[in-house]
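Residue strings, one per chain:
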Amino acid sequence: VLSGKSRTRLKWVRRLTPWRPGEIYSPAKVTELSRRLEDAGVFQSADVTLADSSQTGPDGLRPVKVQLTDRLPLNVQVGASYSTSEGVGVNSALRVYNRLGRAETLTLSANIAQIEKLVGLQLSLPDVGRPDQTLLVEPALYFDHTDAFDDKGERLRLTLKRRLKAQSFLTFGA
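Quick caveat, the model's predicted, so the values are computed rather than measured.

Quick look at the pairing of strand S8 (residues 133–145) now. Bridge analysis of strand S7 (residues 116–126) against S8 gives nine bridges, and the strand direction is antiparallel. Its bridge partner being in S8, Gly120 is matched across the sheet by Ala140. Between S7 and the antiparallel strand that follows it, S8, lie six residues; Asp127 among them carries a positive phi value of about 60°. Judged from the 13 bridges that link them, S8 and strand S9 (residues 150–165) form a sheet pairing that is antiparallel. Across the sheet, the residue bridging to Leu136 is Thr159, located in S9.

Here we come to the side chain of Ser124. Along the chain, Ser124 falls in strand S7. For Ser124, a relative accessible area of 16% corresponds to the buried category. If we skip the residues at most four places from it in the chain, Ser124 touches Glu104, Thr105, Thr134, Leu135 and Leu136.

Glancing now at the sheet that holds strand S10 (residues 168–173). Whenever strands of a sheet pair, they do so through backbone hydrogen bonds, lying parallel or antiparallel. The strand order S4-S5-S6-S7-S8-S9-S10 describes an open sheet built from seven strands, whose pairing is antiparallel. Pairing within the sheet leaves two strands with one partner each, and these edge strands are strand S4 (74–83) and S10. When the angles between neighbouring strand axes are averaged without regard to direction, this sheet yields 15°.

Attention now goes to a nonpolar patch on the surface. A surface patch of nonpolar side chains, amounting to about 710 Å² of accessible area, comprises Leu74, Val76, Val78, Leu94, Leu106, Leu108, Val119 and Leu121. Of all the secondary structure elements, the ones that give two or more residues to the nonpolar patch are S4, strand S6 (105–113) and S7. With three residues, S4 is the largest single contributor of residues to the nonpolar patch. Take Leu108: it is sitting in strand S6.

Now for the pattern of salt bridges. Within this structure, the stated rule accounts for eight salt bridges. Across the pair Glu32 and Arg35 runs a salt bridge whose closest N-O atoms are separated by 2.5 Å. Taken together, the residues span about one helical turn, with Glu32 and Arg35 both in helix H2 (residues 27–39) at a distance of three residues. The shortest N-O distance in the salt bridge between Glu32 and Arg36 comes to 3.0 Å. Of this pair, Glu32 and Arg36 both sit in helix H2, four residues apart, which is roughly one turn of that helix. Judged by its relative accessible area of 23%, Glu32 is partly exposed. Because the salt bridges share partners, they merge into one network encompassing Glu32, Arg35, Arg36, Asp39, Asp132 and Arg163.

Let us look at the nonpolar core. Residues Trp12, Leu37, Phe43, Val48, Val66 and Leu68 are the most contacted members of the largest nonpolar core, which totals 16 residues. Those elements that place two or more of their residues in this core are helix H1 (10–16), H2, strand S2 (43–50) and strand S3 (64–70). Ignoring any residue separated from it by four or fewer positions in sequence, one finds Val48 in contact with Val30, Leu33, Ser34, Leu37, Val64, Lys65 and Val66.

With that settled, the discussion passes to the sheet that holds S2. Spatially, the three strands line up as an open sheet ordered S1-S3-S2, and their pairing is mixed. Every other strand in the sheet has two partners, leaving strand S1 (2–3) and S2 as the edge strands with one partner each. Note: S2 against S3, seven bridges, orientation antiparallel. Of the residues in S3, the one forming a bridge with Thr49 is Lys65. Sheet strands in contact with H2 are S2 and S3, and its direction is about 170° off that of S2.

A word on the environment of Ser168. With respect to the helices and strands, the residue Ser168 is situated in strand S10. Ser168 gets classed as partly exposed once you look at its relative accessible area, which sits at 31%.

The rules we used
Along each chain, numbering runs from 1 in the same order as the chain's sequence is written. The model is predicted, so local features are restricted to residues of pLDDT at least 70 and side-chain atom pairs to those at 80 or more, both for listing and for counting; the totals for chains, interfaces and linings are taken over all residues. Computation of side-chain values covers all heavy atoms of the structure but excludes hydrogens and water. Here, strands pair whenever DSSP counts at least two bridges between them. Only DSSP runs of H or I covering at least 4 residues are called helices, and only runs of E covering at least 2 are called strands; the numbering of each starts at the N terminus. In this scheme, a residue with accessible area under 20% of its type's maximum is buried, one over 50% is exposed, and one in between is partly exposed, where area comes from a 1.4 Å probe on protein chains only. It only takes one pair of heavy atoms within 4.5 Å for two residues to be counted as in contact. An axis is simply a line fitted to the C-alpha atoms; with a helix, the fit covers only the stretch in contact. Between two such axes, the angle follows the N-to-C directions and lies from 0 to 180 degrees. Each patch is assembled from residues with relative accessible area greater than 30% and no salt bridge, linking like charges that lie within 9 Å and nonpolar side chains (Val, Leu, Ile, Met, Phe, Trp, Tyr) that lie within 5 Å. Shrake-Rupley sampling with a 1.4 Å probe provides the accessible areas, and residues are treated as covered by the protein chains on show and by no other component. Salt-bridge detection follows one rule: a side-chain nitrogen of Lys or Arg within 4 Å of a carboxyl oxygen of Asp or Glu. We call a set of buried residues a nonpolar core when its members are Ala, Val, Leu, Ile, Met, Phe, Trp, Tyr or Cys and they connect through side-chain atoms within 4.5 Å of each other.

Below, the structure written as structure tokens:
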């Protein structure tokens, strides 16, 4: 049972559940679902609990309740920097959370310094293909201006990050 103030699709949450319908209740598996939802990074709160015994169905099964509250849909960051190699710079980022209802994050960023100028996007798609696997797609345009040369172009990074254990990750990229 999905409730709360969230755009998240029930189908996406069901894909994250580490149990099958009708399986015997396991507190560890409920905790695992809660961790997966929190790891998405788009919720202000994610509560997973076993429904009250009064909600037991005629088949003897009790539903698991998932209550999600989205974080604010937009986040704006602005900063400034200075380094002896890059000089003075400004940077900014605009993040949009959970717009499509599958816990994705879209980030538009810009960094402008005396040497480097960069505008990029990052689309983070959690649980792509399987739980605990995040796909990052990062196109960017850049322009570097130095006394010795000018360089401009575009780049595309694709990264697949998979959680192996609580603090272990495997990352592939191109």
